[in-house]
Amino acid sequence: PPVALAIFLATLWGTHFSHLYEAALDSATVHATEHALYLFAGFAFWLPVLTVAPLRPIAYPVRILYLIVALPQGALLAIALGAARAPLYPHYARLVSTAQAVADQQNAAAVMWIAGGLAIFVAMLATMGTWAAREVRAAGGASY
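Reading the values: rules and limits
Residues numbered from 1 in each chain as written. Predicted model: local features only at pLDDT ≥ 70, side-chain atom pairs only at ≥ 80, totals over all residues. Heavy atoms only, no water. Helix = DSSP H or I, 4+ residues; strand = E, 2+ residues; numbered from the N terminus. Buried < 20%, exposed > 50% of the residue type's maximum accessible area, 1.4 Å probe, protein only. Polar contact = N/O pair within 3.5 Å; in protein donor to acceptor, adjacent residues only side chain to side chain. Contact = heavy atoms within 4.5 Å. Axes fitted to C-alpha atoms, helices over the stretch in contact; angles between N-to-C directions. Parallel < 35°, antiparallel > 145°, perpendicular 65-115°, else oblique. Nonpolar A, V, L, I, M, F, W, Y, C, P; charged D, E, K, R; others polar. Salt bridge = Lys/Arg side-chain N within 4 Å of Asp/Glu carboxyl O. Expected span 1.5 Å × (residues − 1).

Novice: Talk me through the side chain of Thr51; I want residue IDs and the actual numbers.
Specialist: Secondary-structure assignment places Thr51 in the loop between α3 (28–50) and α4 (60–83). Given the relative accessible area of 10%, Thr51 is considered buried. In this structure the side chain of Thr51 is engaged in a polar contact, spanning 2.4 Å, whose partner is the backbone oxygen of Leu47. Residue contacts for Thr51: discarding those within four places in its chain leaves Arg56, Pro57 and Arg63.

Novice: An account of the packing of helix α1 (residues 2–16) against α4 is needed here, citing residue identities and associated values.
Specialist: The contact between α1 and α4 brings their axes to 11 Å, and the two run at 5°. What the angle tells us is that α1 and α4 run roughly parallel. On α4, the residues touching Ala4, Leu5, Leu9, Leu12, Trp13 and His16 of α1 are Tyr66, Val69, Ala70, Gln73, Gly74, Leu76, Leu77 and Leu81. Residue classes in the contact of α1 with α4 are distributed as eleven nonpolar, three polar and no charged.

Novice: Pulling in residues and values, what's your account of the pattern of salt bridges?
Specialist: A full pass over the atoms with the stated rule returns two salt bridges. Between Arg94 and Glu22 there is a salt bridge, and its shortest N-O distance comes to 3.8 Å. Remark: Glu22 occurs in helix α2 (residues 19–26) and Arg94 occurs in helix α5 (residues 90–95); sequence separation between them is 72 residues. By relative accessible area, which is 54% here, Arg94 ends up exposed. Across the pair Asp26 and Arg94 runs a salt bridge whose closest N-O atoms are separated by 3.4 Å. Of this pair, Asp26 sits in helix α2 while Arg94 sits in helix α5, placing them 68 residues apart in sequence. Of the two residues, Asp26 and Arg94, both sit in the exposed class. If you follow the salt bridges from partner to partner, you end up with Glu22, Asp26 and Arg94 in one network.

Novice: How would you explain helix α6 (residues 98–138) if you had to name every residue and give the values?
Specialist: With 41 residues, α6 should reach 60 Å at 1.5 Å per residue; the first-to-last C-alpha distance of 59 Å fits that figure. Looking only at α6, the buried set comprises Ala101, Val102, Gln105, Ala109, Gly117, Ile120, Ala123, Met124 and Thr127. Positioned one or two residues after α6, Gly140 has a phi angle of 95°, which is positive.

Next up, the structure:
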């Protein structure tokens, strides 16, 4: 899990605050490579949470901690993108006015924050529910 989380976070932050994002806007090859990187990072991120037997799943408390650590990362990145007063990616500034580029950037940050946070929050609730159901079955099926 620590390696998977590191891959995910390095990809998330690294692509948005390096020349890779801008290069992906100007090159179809770099764009496709960036998408492959996101796919790999996403797969790596979700694998520890969704792994089931016969693979070696991690304990439910560790899964929840993993998701708690990951949850604010998208929000922090979205805050950084949304708080910018100038376009962070010159490509967009060349296509539309500065005001429109900033507005688009802020809207994208809001989508990132809401969608990313929602996915992780739902996964956290599902993990807690699965863990609780497992504990109830282990206790002989008593319900509360």
